Amino acid sequence: MSLQFIIDGCNITHHQKFLESSPKRYSDSRVNLIEFIRQKRLCGSENNKIWVVFDGYVDSALENLNESNLKIIFSCDQSADERIRRILELSDNAKNVVVVSDDKEIIFFAKGYRARAVSVEEFIGSKDGPQRVNQDSGESKIGFSAMHKINEELRKLWLK
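The notes below deal with the structure included here. (Residues numbered from 1 in each chain as written. Predicted model: local features only at pLDDT ≥ 70, side-chain atom pairs only at ≥ 80, totals over all residues. Heavy atoms only, no water.)

## Side note on the pattern of salt bridges
Part 1 of the reasoning: Here the structure, examined in full by the defined rule, presents 7 salt bridges.
Part 2 of the reasoning: Between Arg-38 and Glu-67 there is a salt bridge; the shortest N-O distance is 3.2 Å. Note that Arg-38 is positioned in helix H3 (residues 29-40) and Glu-67 in the loop between helix H4 (60-63) and strand E3 (70-74), a separation of 29 residues in sequence.
Part 3 of the reasoning: For Glu-105, the salt bridge identified is with Arg-85, shortest N-O distance 3.4 Å. Here Arg-85 lies in helix H5 (residues 80-90) and Glu-105 lies in helix H6 (residues 104-112), a separation of 20 residues in the sequence.
Part 4 of the reasoning: By sharing partners, the salt bridges in this structure join Glu-35, Arg-38 and Glu-67 into a single network. (Salt bridge = Lys/Arg side-chain N within 4 Å of Asp/Glu carboxyl O. Helix = DSSP H or I, 4+ residues; strand = E, 2+ residues; numbered from the N terminus.)

## Concerning the side chain of Asp-8
Part 1 of the reasoning: One can find Asp-8 in strand E1 (residues 4-8).
Part 2 of the reasoning: It is Arg-85 that comes nearest to the buried, bridge-free Asp-8 among opposite-charge side chains, at 9.0 Å.
Part 3 of the reasoning: Within the structure, Asp-8 has its side chain in polar contact with the side chain of Ser-101 (distance 3.3 Å).
Part 4 of the reasoning: When near neighbours in sequence (up to four residues on either side) are disregarded, Asp-8 contacts Val-53, Ala-80, Asp-81, Ile-84, Val-100 and Ser-101. (Buried < 20%, exposed > 50% of the residue type's maximum accessible area, 1.4 Å probe, protein only. Lys, Arg positive; Asp, Glu negative; His and termini not counted. Polar contact = N/O pair within 3.5 Å; in protein donor to acceptor, adjacent residues only side chain to side chain. Contact = heavy atoms within 4.5 Å.)

## Description of the pairing of E1
Part 1 of the reasoning: Here E1 lies mainly inside the structure; 5 of its 5 residues are buried.
Part 2 of the reasoning: Side-chain alternation along E1 places Gln-4, Ile-6 and Asp-8 on one buried face and Phe-5 and Ile-7 on a second face that is also buried.
Part 3 of the reasoning: The sheet contact formed by E1 and strand E2 (residues 49-54) spans 5 bridges and is parallel. Residue pairing for E2: Ile-6 is matched across the bridge by Trp-51. (Pairing = 2+ DSSP bridges.)

## With respect to the nonpolar core
Part 1 of the reasoning: Of all hydrophobic cores here, the largest spans 27 residues; its most connected members are Ile-7, Ile-12, Ile-37 and Phe-123.
Part 2 of the reasoning: Put simply, the parts of the chain that give this core at least two residues each are E1, helix H1 (9-13), H3, E2, E3, strand E4 (97-100) and helix H7 (120-125).
Part 3 of the reasoning: In terms of residue count, the dominant contributor to this core is H3 (5 residues).
Part 4 of the reasoning: The contacts of Phe-123, once residues within four sequence positions are left out, are Phe-5, Ile-7, Ile-12, Ile-37, Leu-42, Cys-43, Val-100 and Val-118.
Part 5 of the reasoning: Counting 14 residues, the second largest nonpolar core, distinct from the first, contains Ile-84, Val-97, Ile-106 and Ala-115. (Core = buried A, V, L, I, M, F, W, Y, C linked by side-chain atoms within 4.5 Å.)

Honestly, it's all geometry; don't read function into it.
Have a look at this one:
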């Protein structure tokens, strides 16, 4: 079973742990992130697909870093968070998707689709990152529609 990693690129490049542990070979932190993921094999098997999502528009410095299993996606007019949500919505099998982000909304959204959510620190800090990701499914015990109903009820109660 191959996994699909959706990585919130800006979330990682601004994280203190990444800034401390990544090599500073390039002036662009986004390029450093791509090289860091490749060198440390943070996504495990080469059969796993990796999508790194950045805010903004296509940057020519990053275009040549795409590979068959690694795609760099720019969100263009929308935010990276919106783009990540859209990718999850269109996913055929969200149970095989691992979302890497510290954004609570993205984590909640991913779990609602039964995808796995991994924090940036867990993703970067793990020497055996892919194994830990595989062991911790991060699944919710209730479905997305039930979560949505609960959230609506809580909004009504708390946001009067």
